[in-house]
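Residue-level structural notes
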Amino acid sequence: MVKLQKRAVLDLNDSEAVAAMRERLNGVVGGDEELLLCAAADIADGDRFGERWLVLTPERILVAEQRNGSMEPIVQLPLSQVKSAKAETLVGAGILEVTLDDGRRIELLRYTSTLNQEFAWAARSIDEFLRERKKPTPLVSEDEGKKLICPNCKGIIPPWLEGVCPRCIKKSKTLRRIMSYATPYKGLCALAVAITLVQLGVDLIPPYFNKILLDGVFNFNNPMTMPERGRLLLLIVLAMAGLRLLGTGLASARGFITAWLGAKVTYDVRAQLYQYLQRLSLRFYDKKQTGNLISRMSNDTNNLHWLVVDMIPDLVVNSLQLVGITAVLLWMNWKLTIFVLLPAPVVAVFSVAFMRRLHRVYGKQWHLWARMHEVINNVLSGIKIVKAFAQEEQEVKRFSRRNTDLFSAQVRAERTWAAMWPPMAFLSGLGGLLVWLFGGHQVLDGSITIGVLMAFIGYLGMFYGPIQFLPRLNDWISRSLTAAERIFEVLDSEPEAYEDPNAVSIPRIEGRVEFRNVTFGYDKYKPVLHNVSFTVEPGKMLGLVGHSGAGKTTVINLLCRFYDVDEGQILIDGVDIRKLKLEDLRRQIGIVPQDPFLFSGTVAENISYGKPHATRDEIIRAAIAANAHDFIMQMPDGYDSQVGDRGGRLSGGEKQMIAIARAILHNPRILILDEATSSMDSETEKRIQEALARLVESRTTFAIAHRLSTLKSADHLLVLDHGRVVEYGTHEELMEKQGTYYRLVQIQSELSRSIAVGG
Ligand SMILES: Nc1ncnc2c1ncn2[C@@H]1O[C@H](COP(=O)(O)OP(=O)(O)OP(=O)(O)O)[C@@H](O)[C@H]1O
Ligand SMILES: [Mg+2]
């Protein structure tokens, strides 16, 4: 079964999105041409990031790229020439390819590996359509599919933004929500604002001193004596020094406060986010990539930090400064002010355009950075496979391509900056020249003093800073707000029902488990279990048998309430588990999972994970029962040996033994063994079986094993086939019945005989 994240696939049931898409495809796809499939790839131009759309219509396959606001076709193939389609997975990226009737193969597009599933689906859909004209299964949208086209502005949302349209997020709403995190620190915020206001006032005074100096001290037409002039000069310089000092002190004080506030707010958000991530259901995790969530934890909260520490204060300061200066200028001489303001709109417009362009080049650079990161990450974590298949050369080449791309993008970005910044400065300088020209005339005809002109020039320097800066700031803020929005999206997801006040508490579970007509699918429209019913009495052991993918682990997942059933009920001691306190349930279930996960840390820490305060004695006893003691003692530091990243320094069987010890120490009422001994040799397994036999006494046990001999001691066996119960009974009963179970046993004993003969 393929799990589709649908992040890159346009939902054709969404008429609004389809209309928007058609509008974009105007001129490429005719109005009456049916759209069968639209999927966006995230790589354009061979190896550069960008959008490329794959479009399937009843007549043709089309690849189109977004250029200057509309889509332009890059590849068009009549379906009559196409034989088959295939999605090929490379490390970190994938290629969608078609084979033509004449045997030629054409690469349609490339995408990053995050879209592997979507394009595997797309290739299969094309194939099916070619073979039997079967239309692609329409994708159900629900909450799981993230929109690719913003319903609001009709623009395309890059897939990595996961449905959060950067153009349309409600800035003020998000800002207010961020600010709500600062409410506990209202006093400090008020203080910061007060300091800022005073600071602005202080900043506005020095240019005015210029006027006093020129019109008073250096104006020889007024009747002041020389010593008086000297005294006034000293006084003014001292006052300026005092103001500077005060300004510096205030700036530092404000910096201290915002630094603390910003760090504290992000600290709070991070703490809340992490707590939420722990509480979210597995369903949520199935749909997200862990990498994405990690980036939300680290990058997005980091962005938030800069937003609160730097950008918001800058926004406030610059806006107030602009207002303050304009007011002072108008008060001093409104005619001259007009000249100051003349170039302002041009500068602002230019600045906005400048930012847009920069945004694009830096966005590209950023994405290429991320892509390079992904290659490194992917390859280094799979280094064993790379070496095993002798692909080192290949990987170096691949990396070098990425590296070159990043290099050119960086050069482009810096060049853009270098090319656009000087004209900006020139434009802002124009205002100053106008003031010199017209102000100078006013001085000459005596309507203003030279002091006023100089003060004006001084204020002007302060005026154009914010005008250039504010549009840039606006852009930065939008980007950071997208980050904030992604964090809030997690915080708004529904957590598991830990805190349900109506939940029933069962401090000690007896262990009667009943499945009543349970139907369940990881995707709601695709059931994995159909109408499953069975009962296990307290202290009994149930063996779950079935082919790979039959749904055995799924039964366990439901019992642990990792997922909730779609239909039917699961009862423990007669109580629906949805009414049971989640903590009581999980605390009394011990699970040895199919692929035991060890945290990096020591052996002892891993065994006592469910019971952190266990004594060393308890840990050792659990390890002995799990048959793990001997091999642990042979490790260099015994129980204090490091197990490595994910337990990488241990063998598969050793990991399983530690997982069993962990479950034994947890001392649960319901024990679950999912292939608990699959990686062990028969000898070890036998010894563990003995230990487990002691362990399963007096607890309800669910055991899953492909090696059926392992399940001999089970009281009952439940045979699943494609999510349905096909047989239920004891080993003897099922052998006598000569059904599915009997056949499975036959095959296995034949297999082991032939291995014995052959080997
Ligand atoms: N998280 C998931 N999201 C979507 N589908 C899933 C998920 N986990 C399992 N499935 C699908 O559910 C079906 C049943 O899987 P399950 O893990 O229960 O099989 P199993 O009987 O335990 O197989 P095995 O013996 O190989 O462990 C499979 O088709 C599988 O692809
Ligand atoms: Mg399984």
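The present account deals with the structure reproduced in this document. (Residues numbered from 1 in each chain as written. Chains lettered and ligands numbered in written order. Predicted model: local features only at pLDDT ≥ 70, side-chain atom pairs only at ≥ 80, totals over all residues. Heavy atoms only, no water.)

When its secondary structure is counted, the chain shows 22 helices and 17 strands. By the burial criterion, 47% of the 759 residues in the chain qualify as buried. Pairs at least 24 residues apart make up 69% of the contacts formed inside the chain by residues separated by at least 6 positions. Counting every atom, the chain has about 37,900 Å² of accessible surface; 57% of that belongs to carbon and sulfur. (Helix = DSSP H or I, 4+ residues; strand = E, 2+ residues; numbered from the N terminus. Buried < 20%, exposed > 50% of the residue type's maximum accessible area, 1.4 Å probe, protein only. Contact = heavy atoms within 4.5 Å. Areas by Shrake-Rupley, 256 points an atom, 1.4 Å probe, with all protein chains shown as cover.)

Let us look at the coordination of the magnesium ion (ligand 2). Around the magnesium ion (ligand 2), the protein contributes the donor atoms T553 (OG1) and Q594 (OE1), at 1.9 to 2.4 Å from the metal centre. Residue T553 is located in helix α14 (residues 552-559), and its partner Q594 is located in the loop between β13 (589-592) and α16 (603-607); the two are separated by 41 residues in the primary sequence. A residue is classified by how much of its surface remains accessible, and T553, at 28% relative accessible area, is partly exposed. Note on Q594: relative accessible area 39%, which makes it partly exposed. (Donors = N, O, S within 2.8 Å, 3.2 Å for Na, K, Ca; no water.)

On to the nonpolar core, then. As a rule of thumb, nonpolar side chains are buried together in soluble globular proteins. With 49 residues, the main nonpolar core has I178, L307, V340, F456, Y459, F463 and Y464 as its most contacted residues. Taken together, the elements giving at least two residues each to this core come down to α6 (226-279), α8 (290-332), α9 (334-341), α10 (343-381), α12 (392-444) and α13 (450-492). Sorting elements by how many residues they give to this core places α13 first, with 20 residues. Taken domain by domain, this core gets at least three of its residues from each of domain 2 (169-333) and domain 3 (334-447). When neighbours within four sequence positions are excluded, Y459 is seen to be in contact with L204, I205, P207, Y208, I325, V328, L329 and M332. (Core = buried A, V, L, I, M, F, W, Y, C linked by side-chain atoms within 4.5 Å. Domains from an automatic or database assignment.)

For the structure shown, the criterion picks out 11 aromatic pairs. Ring centres 6.0 Å apart and planes at 35 degrees place the aromatic pair Y208 and W331 in the tilted group. Residue Y208 is located in helix α5 (residues 206-217), and its partner W331 is located in helix α8; the two are separated by 123 residues in the primary sequence. Judged by relative accessible area, Y208 falls into the partly exposed class, the value being 27%. Here the basic side chain of R177 rests over the ring of F488, its NZ or CZ set 4.1 Å away from the ring centre. (Phe/Tyr/Trp six-rings, centres within 6.5 Å; stacked < 30°, edge-to-face > 60°. Lys NZ or Arg CZ within 6 Å of the ring centre and 35° of its normal.)

The next thing to look at is the layout of surface pockets. The computed volume of the second largest pocket comes to approximately 2,300 Å³. L282, F562, F597, F599 and Y609 are, among the 40 residues lining the second largest pocket, the residues nearest its centre. For the lining of the second largest pocket, the elements supplying multiple residues, two or more each, are α6, α7 (282-287), α8, α14, α15 (582-587), β13 and α19 (652-666). When grouped by side-chain class, the residues that make up the lining of the second largest pocket number 22 nonpolar, 8 polar and 10 charged. (1 Å grid on protein atoms, 1.4 Å probe; cavity = no way out; pocket = protein on both sides within 12 Å on 5 of 7 lines; lining within 4 Å. Points joined across faces, edges and corners; volume = space filled by probe spheres on them. Nonpolar A, V, L, I, M, F, W, Y, C, P; charged D, E, K, R; others polar.)

The values reported here are purely geometric and, on their own, carry no functional implication.
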